[in-house]
Amino acid sequence: MGKMNVSNNALLALFAEMVWDNAIRKYKEENLYKEIDRALAKGDQTTFLALTSELKTLQSLG
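Read on for a plain summary of the structure. (Residues numbered from 1 in each chain as written. Predicted model: local features only at pLDDT ≥ 70, side-chain atom pairs only at ≥ 80, totals over all residues. Heavy atoms only, no water.)

## A few points about the overall build of the protein
For clarity, the cut-off: Helix numbering and strand numbering both begin at the N terminus, where a helix is a DSSP run of H or I of at least 4 residues and a strand a DSSP run of E of at least 2. With C-alpha atoms as the basis for the radius of gyration, the globule rule is written as 2.2 Å multiplied by the number of residues raised to the power 0.38. With a 1.4 Å probe rolled over the protein chains alone, any residue whose accessible area is under 20% of its type maximum counts as buried; one over 50% counts as exposed, and the rest are partly exposed.
Across its full length, the protein holds two helices and zero strands. The C-alpha radius of gyration of the protein comes to 18 Å, more than 25% above the 11 Å expected for a compact globule of 62 residues. Expressed as lengths along the three principal axes of its C-alpha atoms, the size of the protein is roughly 65 × 15 × 10 Å. For the protein, with 62 residues in total, the buried portion stands at 13%.

## Here we look at the nonpolar core
Basically, it comes down to this: Residues belong to one nonpolar core when they are buried, are Ala, Val, Leu, Ile, Met, Phe, Trp, Tyr or Cys, and are joined through side-chain atoms within 4.5 Å. For this analysis, residues touch if any pair of their heavy atoms sits within 4.5 Å.
Leu 32, Ile 36, Leu 51, Leu 55 and Leu 58 together form the largest nonpolar core, which totals five residues. Discounting chain neighbours no more than four positions away, the residues touching Ile 36 are Phe 48, Leu 51, Thr 52 and Leu 55.

## Brief notes about a nonpolar patch on the surface
To keep it simple, the criterion reads: Each patch is assembled from residues with relative accessible area greater than 30% and no salt bridge, linking like charges that lie within 9 Å and nonpolar side chains (Val, Leu, Ile, Met, Phe, Trp, Tyr) that lie within 5 Å. For the accessible areas, the method is Shrake-Rupley and the probe is 1.4 Å, while residue cover comes only from the protein chains on display. Counted as salt bridges are all cases of a side-chain nitrogen of Lys or Arg within 4 Å of a carboxyl oxygen of Asp or Glu.
Nonpolar side chains collect at one region of the surface, where Leu 11, Leu 14 and Met 18 lie side by side and expose about 320 Å² of accessible area between them. Along the chain, Leu 14 falls in helix H1 (residues 2-42). Accessibility expressed as a relative area gives 47% for Leu 14, which makes it partly exposed.

## Quick notes on the environment of Tyr 33
Mapping Tyr 33 onto the fold places it in helix H1. Judged by relative accessible area, which is 40%, Tyr 33 ranks as partly exposed. When the C-alpha positions of Tyr 33 and Glu 54 are compared, they lie 10 Å apart, and in sequence the two are 21 residues distant. Tyr 33 has contacts with Leu 55 and Gln 59, leaving out every residue within four places of it along the chain.

## Quick notes on the pattern of salt bridges
For the structure shown, the criterion picks out two salt bridges. Across the pair Arg 25 and Glu 29 runs a salt bridge, and its minimum N-O distance is 3.3 Å. Taken together, the residues Arg 25 and Glu 29, both in helix H1 and four residues apart, mark about one turn of the helix. Overall, the relative accessible area of 18% leaves Glu 29 in the buried class. Where Glu 35 meets Arg 38, a salt bridge forms, and the shortest distance between an N and an O atom there is 2.4 Å.

Here it is as structure tokens:
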């Protein structure tokens, strides 16, 4: 019975970490989209390119 609890706890911890990582990635992605929109509105090409590059990197990791 003790091993079962350890296994369940490990699986729950892993699942919680996966949910947390996904939430952080989504938050970062949404933030980047907002910043990209601001850069477009300002006509700031340098910032736009940097942010879109960062977004592509983030999306390729997820």
